[in-house]
Amino acid sequence: HENAFTGTIPSSLGQLTALGTLDLYDNSLNGTIPDDLGRLTELTYLGLFNNAFTGTILSSLGQLTALGTLDLSTNTLNGTIPSSLGHLTGLNFLGLYDYALTDPIPVHLGLLTKFTLLSLRDNALTGTIPDDLGLLTALQVLALYTNALNGTIPDDLGLLTELTYLALHTNAFTGTIPSSLGRLT
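The following paragraphs examine the structure supplied in this document.

What counts, and at which threshold
- Residues numbered from 1 in each chain as written.
- Predicted model: local features only at pLDDT ≥ 70, side-chain atom pairs only at ≥ 80, totals over all residues.
- Heavy atoms only, no water.
- Pairing = 2+ DSSP bridges.
- Helix = DSSP H or I, 4+ residues; strand = E, 2+ residues; numbered from the N terminus.
- Axes fitted to C-alpha atoms, helices over the stretch in contact; angles between N-to-C directions.
- Salt bridge = Lys/Arg side-chain N within 4 Å of Asp/Glu carboxyl O.
- Buried < 20%, exposed > 50% of the residue type's maximum accessible area, 1.4 Å probe, protein only.

Details of the sheet that holds strand E7 (residues 76–79)
Reading across from one edge, E1-E3-E5-E7-E9 is the order of the 5 strands in this open sheet, with parallel pairing throughout. What marks the edges here is a single partner per strand, and that holds for strand E1 (6–7) and strand E9 (100–101). Bridge count between strand E3 (residues 28–31) and strand E5 (residues 52–56): 2 bridges; the pairing is parallel. Paired with asparagine 30 across the two strands is alanine 52, which belongs to E5.

Right, dumping it as structure tokens:
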């Protein structure tokens, strides 16, 4: 990481099936993220943030079931969060911020109960916060600010007793702040 790499990620990296960490953040890599990375089933860390990748988040990343950290932030990816990411049950860090992600926050993210950090900030996400995010009882950081989210803040967020950072500003929320958030200490 923190080199001056340019160009694309070679699809041949998908042949490194015993690889545990792929850390290429903070470079000038571009193009699409190769679908072949979905074959790196031993990967526990995938850090591709702060590059210039384009395209969408690949559904094949849902095959990386050993992942603990997935950070694709600060690229120019767009589209939606694929439902296949719901298969990453060991994931504790998901960084998908500084994008142009659209559509609602997927309910399947509530299945990822080992999350300690979920950052979807600075996107164009719409709809409401799913009640299922209240199932993320290990969550310490929830950053959903600067999106187009609306509706009310779910009472179920009060179940996130490990939460130390909650940022919801710069959205279109309405209603009252749930009293259940008072349980967050």
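Further notes follow.
Here's the deal with the sheet that holds strand E10 (residues 117–119)
Strand order in the open sheet formed by 7 strands is E2-E4-E6-E8-E10-E12-E14, with parallel pairing between adjacent strands. Sheet topology places strand E2 (21–23) and strand E14 (165–167) at the edges, where each strand pairs with a single neighbour. Within the sheet, the average angular offset between the axes of one strand and its neighbour, ignoring direction, is 10°.

Topic: the pattern of salt bridges
Inspection of the entire model under this criterion finds 2 salt bridges. Between aspartate 36 and arginine 39 there is a salt bridge; the shortest N-O distance is 3.3 Å. Note that arginine 121 is salt-bridged to aspartate 122, the shortest N-O span being 2.4 Å. Its relative accessible area of 18% is what places arginine 121 among the buried residues. On the basis of relative accessible area, aspartate 122 is assigned to the partly exposed category, the value being 21%.

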